[in-house]
Amino acid sequence: IGFTGPAFWLEATSLTSERDLRAYFAGRNVVIAAIAVPLMLVISVALAIAAGHPVYAVWAGAIDIAAIGAALALSSAFSVTVAYPGQRRIGSPVPGNADGYSGQAIVCSLGSLFGVGLLTLPVTLLVLLTDSLATPVRAPLIAAWGIVYGITLAWGGTRHAASSARIMVPELNQIAAQTTF
């Protein structure tokens, strides 16, 4: 939210209920997922074919979708609970955290890094534990579990972020107003 900048006040005026906040975070997640899911699936299929094992694309695709769901959940949660303002750096097109907010940036980065790995473990363990099943049984099971689990994670992160943000909109507005671009 801090990287939205001072324009967040305009968005915040329409975010009057928890339902509106859920729609805000869900919309953001849909846009990111619309780019990330096809991109990761194409990469997974290409790598599986290059490795000579096309069925690995199913396992990798399931893990990809679960990881994207975990990343979206953590992104939504951290953008509210560990919000910090952004600042444009001279010589860099990418904004960074404002001075004095390095702790929050590190928590978000490391929390996302380790959180996605940890939250993706159930799908990875299913891949490992179903090794004795036949591929026609195993592939749909793993694919369905990865999709359902990833969507559930993203949905849960959206609900958590919306419930947290409902009481924090004034603070989030102040954080966004401190952003300089």
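Structure shown above.
Right, let's walk through the structure included here. Position numbers for residues start from 1 in each chain and track the written sequence from start to end. Whole-chain, interface and lining totals are the exception, using all residues; otherwise, since this is a predicted model, local features are given only for residues with pLDDT of at least 70 and side-chain atom pairs are given and counted only at 80 or more. As a rule here, side-chain values cover all heavy atoms of the structure and leave hydrogens and water aside.

**A few points about the pattern of salt bridges**
Thought 1: Should a side-chain nitrogen of Lys or Arg be within 4 Å of a carboxyl oxygen of Asp or Glu, the pair is scored as a salt bridge. Summed over the entire model, instances satisfying the criterion amount to four salt bridges.
Thought 2: Here E18 ties to R22 by a salt bridge, and the two come within 3.9 Å at their closest N and O atoms. Linking E18 with R22, this pair stays in helix α2 (residues 18–51), spanning four residues, or about one helical turn.
Thought 3: Looking at R22, the relative accessible area reads 25%, which means it is partly exposed.
Thought 4: The shortest N-O distance in the salt bridge between R166 and E18 comes to 3.2 Å. Taken together, the residues R166 in helix α6 (residues 135–166) and E18 in helix α2 connect sequence positions 148 residues apart.
Thought 5: Residue classification places R166 among the partly exposed positions, given a relative accessible area of 47%.
Thought 6: The structure contains a network of salt bridges with shared partners spanning E18, R22 and R166. Under the DSSP-based scheme used, a helix requires at least four consecutive residues in state H or I and a strand at least two consecutive residues in state E, with every element numbered from the N terminus. Note on exposure labels: buried denotes an accessible area under 20% of the residue type's maximum, exposed denotes more than 50%, and partly exposed covers the range between, all computed with a 1.4 Å probe on protein chains only.

**Observations concerning the environment of A12**
Thought 1: With respect to the helices and strands, A12 occurs in helix α1 (residues 8–14).
Thought 2: The buried category is assigned to A12, whose relative accessible area is 9%.
Thought 3: For A12 and N97, which are 85 residues apart along the polypeptide, the C-alpha to C-alpha distance reads 21 Å.
Thought 4: In contact with A12, other than residues within four places in its own chain, are V169 and N173. Contacts: residue pairs with any heavy atoms within 4.5 Å of one another.

**As for the packing of aromatic side chains**
Thought 1: Between 30 and 60 degrees the pair is tilted, below 30 it is stacked and above 60 it is edge-to-face, where a pair is any two Phe, Tyr or Trp rings, Trp via its six-membered ring, whose centres lie within 6.5 Å. Following the criterion strictly, the structure yields three aromatic pairs and no others.
Thought 2: Between F8 and Y24 the ring centres are 6.3 Å apart and the planes differ by 70 degrees, which places this aromatic pair in the edge-to-face class. In this pair, F8 is assigned in helix α1 and Y24 in helix α2, connecting sequence segments 16 residues apart. Summarising the burial analysis for this pair, F8 and Y24 share the class buried.
Thought 3: Between Y24 and F25, the aromatic rings sit 5.3 Å apart at their centres with planes inclined by 80 degrees, giving edge-to-face as the arrangement.
Thought 4: Taken together, the aromatic side chains of F8, Y24 and F25 make up a single cluster linked through ring pairs.
Thought 5: Cation over ring: R138 sits above W59, and NZ or CZ is 4.3 Å from the ring centre. Two conditions define a charge sitting above a ring: the NZ of Lys or the CZ of Arg must be within 6 Å of the ring centre, and it must be within 35 degrees of the ring normal.

**Observations regarding the environment of Q104**
Thought 1: Assignment of secondary structure puts Q104 in helix α4 (residues 102–119).
Thought 2: A relative accessible area of 25% places Q104 in the partly exposed class.
Thought 3: Sequence separation of Q104 and P85 is 19 residues, and the distance between their C-alpha atoms is 9.9 Å.
Thought 4: When sequence neighbours within four positions are dropped, the list of residues in contact with Q104 reads V82, A83 and Y84.

**Comments concerning a nonpolar patch on the surface**
Thought 1: What goes into a patch is any residue over 30% in relative accessible area without a salt bridge, connected to like charges within 9 Å or, for nonpolar side chains (Val, Leu, Ile, Met, Phe, Trp, Tyr), within 5 Å. Using a 1.4 Å probe, accessible areas were evaluated by the Shrake-Rupley method; residue-level cover was limited to the displayed protein chains. Judged by side-chain polarity, L118, L121, L125, L128 and L129 come together as a nonpolar surface patch covering roughly 530 Å² of accessible area.
Thought 2: Among the elements that make up the nonpolar patch, the one with the highest residue count is helix α5 (residues 121–129) (four residues).
Thought 3: A residue is classified by how much of its surface remains accessible, and L118, at 59% relative accessible area, is exposed.

**Describing the side chain of S44**
Thought 1: Positionally, S44 belongs in helix α2.
Thought 2: For S44, a relative accessible area of 8% translates into the label buried.

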